[in-house]
Amino acid sequence: MIPGKVAIYVKRAPVRIASGAPDFKVRLVLVNGLGHSFAVGNACNGWLVPSLATSKFSSQPGSGLVGCAAHIVAPGTTQILRILGTSYSSCSGDRSQRPSLALPVCTGRHHDTIPPLPPGRYQLAIDTTTIPDALRRDHVRIIVTMAH
C-alpha cells in the first residue's frame with residue numbers, strides 16, 4: 001500500500017490471444033491507500049476499464065453515457081474482473097469511408113460485423129481518469145496473433 005495514493009496493477013492477463021478470439025478475462029487489483037473511501041461517478045458506465053492499445057490506437061470500449069449512481073471504493077484492496085475482446089469496439093457501415101485504425105469499415109455480407117483487431121503487440125491500457133491519485137504499477141503486453 002502506498003499512503004496517499006491508489007495503486008492499480010494487473011494480477012492476471014493472457015500473454016497471447018488470437019485475433020477475433022472470444023472475450024478473455026483480466027483480473028485487476030486496486031489498492032486504496034488514501035485512508036478513506038472515494039466515489040467513482042457514473043460507475044454503471046464502467047470504471048477501471050482496460051483496453052488493448054498501441055502507440056497509435058486504443059480499442060477503448062464506448063460508454064453508453066447513462067447517468068447513474070457512483071461506486072464507493074473502500075480503503076484497502078479490491079480485486080476486479082474485467083472482460084476484453086480482440087475485436088474493434090465499433091466500425092463504420094459506410095464502405096466508401098477510408099478505413100483507419102480508429103474506425104475500420106465493418107465487414108460481413110450486410111456490412112454489420114465488427115472486424116477483429118490486426119495481429120500485433122498491444123499494451124493493456126487502463127482508463128484511470130475517475131480514480132484519484134492513481135498510479136499504474138506495471139505494464140502488461142499482450143500479443144494478438146492471427147486467428148487459426
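Summary of the structure given here.

Criteria and thresholds
Residues numbered from 1 in each chain as written. Predicted model: local features only at pLDDT ≥ 70, side-chain atom pairs only at ≥ 80, totals over all residues. Heavy atoms only, no water. Helix = DSSP H or I, 4+ residues; strand = E, 2+ residues; numbered from the N terminus. Buried < 20%, exposed > 50% of the residue type's maximum accessible area, 1.4 Å probe, protein only. Contact = heavy atoms within 4.5 Å. Pairing = 2+ DSSP bridges. Axes fitted to C-alpha atoms, helices over the stretch in contact; angles between N-to-C directions. Core = buried A, V, L, I, M, F, W, Y, C linked by side-chain atoms within 4.5 Å. Disulfide = S-S within 2.5 Å.

## Observations concerning the overall build of the chain
A tally of helices and strands in the chain yields zero helices and 10 strands. Secondary structure elements of the chain, listed N to C terminal, follow the sequence β-β-β-β-β-β-β-β-β-β. If one aligns the C-alpha atoms of the chain with their principal axes, the spans along those axes are about 55 × 35 × 25 Å. Of all 148 residues assigned to the chain, the portion counted as buried reaches 33%. Across the chain, every contact between residues at least 6 apart in sequence was considered, and the portion connecting residues at least 24 apart equals 70%.

## Points about the sheet that holds strand β2 (residues 16–18)
With mixed pairing, the four strands of this open sheet are ordered in space as β2-β10-β8-β5. The outermost strands of the open sheet, each flanked by one partner alone, are β2 and β5 (50–53). Going from strand to strand, the sheet's axes swing by 35° on average, the running direction of each strand aside. Bridge count for β2 against strand β10 (residues 141–145) is three bridges, and the pairing is parallel. Along β10, the bridge assignment pairs R16 with I143.

## Some words on the sheet that holds strand β3 (residues 24–32)
Sheet strands pair via backbone hydrogen bonds, and the direction of the pair is either parallel or antiparallel. The four strands lie next to each other as β7-β3-β1-β9, forming an open sheet whose pairing is mixed. Both outer strands of the open sheet, β7 (76–84) and β9 (134–136), are each paired with one neighbouring strand and no more. Within this sheet the neighbouring strands show an average axis-to-axis angle of 30°, counted without direction. Relative to β7, β3 runs antiparallel, the two being bridged by nine bridges. Following the sheet pairing, N32 is matched in β7 by G76.

## What to know about unusual backbone geometry
Phi is positive for H111, close to 55°, though the residue is something other than glycine. In this fold, H111 is placed in the loop between β7 and β8 (120–126). Within the chain, D133 stands out as a residue other than glycine whose phi angle is a positive 50°. Position of D133 among the secondary structure elements: in the loop between β8 and β9.

## Quick notes on the nonpolar core
Counting residues in hydrophobic clusters, the biggest one holds 29 residues, and the most contacted among them are L30, W47, L48, L52, L124 and I131. For this core, the secondary-structure elements that each account for two or more residues are β1 (6–12), β3, β4 (38–40), β7, β8 and β10. With four residues, the single largest contributor to this core is β3. Excluding anything up to four places from it in sequence, L30 contacts V6, A7, I8, W47, L48, V73, G76, T77, T78, I80 and I131.

## So, the pairing of β10
Judged from the four bridges that link them, β8 and β10 form a sheet pairing that is antiparallel. Across the sheet, the residue bridging to R121 is I143, located in β10.

## Observations regarding the state of the cysteines
Applying the stated criterion across every chain, the model contains one disulfide. With a sulfur-sulfur separation of 1.9 Å, C91 is cross-linked through a disulfide to C106. Torsion about the S-S bond of the C91 and C106 cystine: about 95°, corresponding to right-handed handedness. Taken together, the residues C91 in the loop between β7 and β8 and C106 in the loop between β7 and β8 connect sequence positions 15 residues apart. Exposure remark for C106: the relative accessible area of 6% places this residue in the buried category.

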